[in-house]
Amino acid sequence: MRREERDENATGSAAAGVVHSLSQRHETVATVESLTGGLLAASIVEIAGVSGIYRGGLVVYATELKSTLAGVPADLLAERGPVDPDVAAALAEGGRRRCGADWGLATTGVAGPEPQDGKPVGLVYVAVAGPSGVEVRQLDLDGGRDHVRSAAVIEALRLLAERIHAADEAARDGLGTAGEVARGGLGTADEAARDGLGTAGAGRR
């Protein structure tokens, strides 16, 4: 199987998993893309039933649009340039906020064929902003322009899937703890009631 076919299969699988997870949680996602130029959004909307979870997205290829449309601080862009982990985080949070989504998913980086602002080809940042904060992942990808872009989409979807899974785990842990407390309290009350009833019963007898 050619690399392009492997990338396409991996993208479809990752997108389907994310759409399914968000559907189960009744949550939504928005995308903000630079180097992937709409590929991330396209991979998500390929999945049947996506209308319930996908709010929309922004393609902010020009640096100034990252500020005016996605809300990245202009001074951050001026100081660091568009290929930066804090810019990726701001893109994800900006997309989440401006599209009214539970999750924001962003990509920025250098797809090639030439380096950009001293940043090497294949340096990519993907970011997820969610209810519990933002996470950014740095990728150092090899291969041609098409592979860098498709790999960035796959890794962005995988990062989102990981954050959703972590949120599920945290929710289960919290519920388990609450359940144990509730069960413990009920048991104590039951025992006290039984003890009291037993004593009262003994007195009546």
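Conventions adopted
Residues numbered from 1 in each chain as written. Predicted model: local features only at pLDDT ≥ 70, side-chain atom pairs only at ≥ 80, totals over all residues. Heavy atoms only, no water. Core = buried A, V, L, I, M, F, W, Y, C linked by side-chain atoms within 4.5 Å. Buried < 20%, exposed > 50% of the residue type's maximum accessible area, 1.4 Å probe, protein only. Helix = DSSP H or I, 4+ residues; strand = E, 2+ residues; numbered from the N terminus. Contact = heavy atoms within 4.5 Å. Salt bridge = Lys/Arg side-chain N within 4 Å of Asp/Glu carboxyl O. Pairing = 2+ DSSP bridges. Axes fitted to C-alpha atoms, helices over the stretch in contact; angles between N-to-C directions.

1. Thoughts on the nonpolar core
Then, in step 1: Residues Val-29, Ile-44, Ile-53, Leu-105, Val-124, Leu-157 and Leu-160 are the most contacted members of the largest nonpolar core, which totals 31 residues.
Then, in step 2: Contributing elements (two or more residues each) for this core: α1 (3-25), α2 (39-45), β3 (103-109), β4 (123-130) and α6 (145-204).
Then, in step 3: Ranked by the residues each element gives to this core, the list is headed by α6, at nine residues.
Then, in step 4: If near-sequence neighbours (up to four positions away) are discounted, Val-29 is found in contact with Leu-22, Ile-53, Tyr-54, Arg-55, Gly-56, Ala-101, Trp-103, Leu-105 and Leu-160.
Then, in step 5: One finds Val-72, Val-83, Ala-88 and Tyr-125 within the second-largest nonpolar core, a separate group that totals 19 residues.

2. Looking at the pattern of salt bridges
Then, in step 1: Considering all chains together, one arrives at 11 salt bridges under this definition.
Then, in step 2: In this structure, the salt-bridge partner of Asp-168 is Arg-25, at a minimum N-O distance of 2.1 Å. Of this pair, Asp-168 sits in helix α6 while Arg-25 sits in helix α1, and the two are 143 residues apart along the sequence.
Then, in step 3: For Asp-168, a relative accessible area of 24% gives the class partly exposed.
Then, in step 4: Given a relative accessible area of 24%, Arg-25 falls into the partly exposed group.
Then, in step 5: When salt bridges that share partners are traced, they join Glu-79, Arg-80, Asp-84 and Asp-86 into one network.

3. Some words on the sheet that holds β3
Then, in step 1: On the basis of which strands lie adjacent, the open sheet formed by five strands has the order β2-β1-β3-β4-β5 and mixed pairing. Every interior strand has two partners, whereas the edge strands, β2 (54-59) and β5 (133-140), have only one. Within the sheet, the average angular offset between the axes of one strand and its neighbour, ignoring direction, is 15°.
Then, in step 2: Relative to β3, strand β1 (residues 29-33) runs parallel, the two being bridged by five bridges. Of the residues in β3, the one forming a bridge with Val-32 is Ala-106.

Keep in mind these numbers describe shape, not what the thing actually does.
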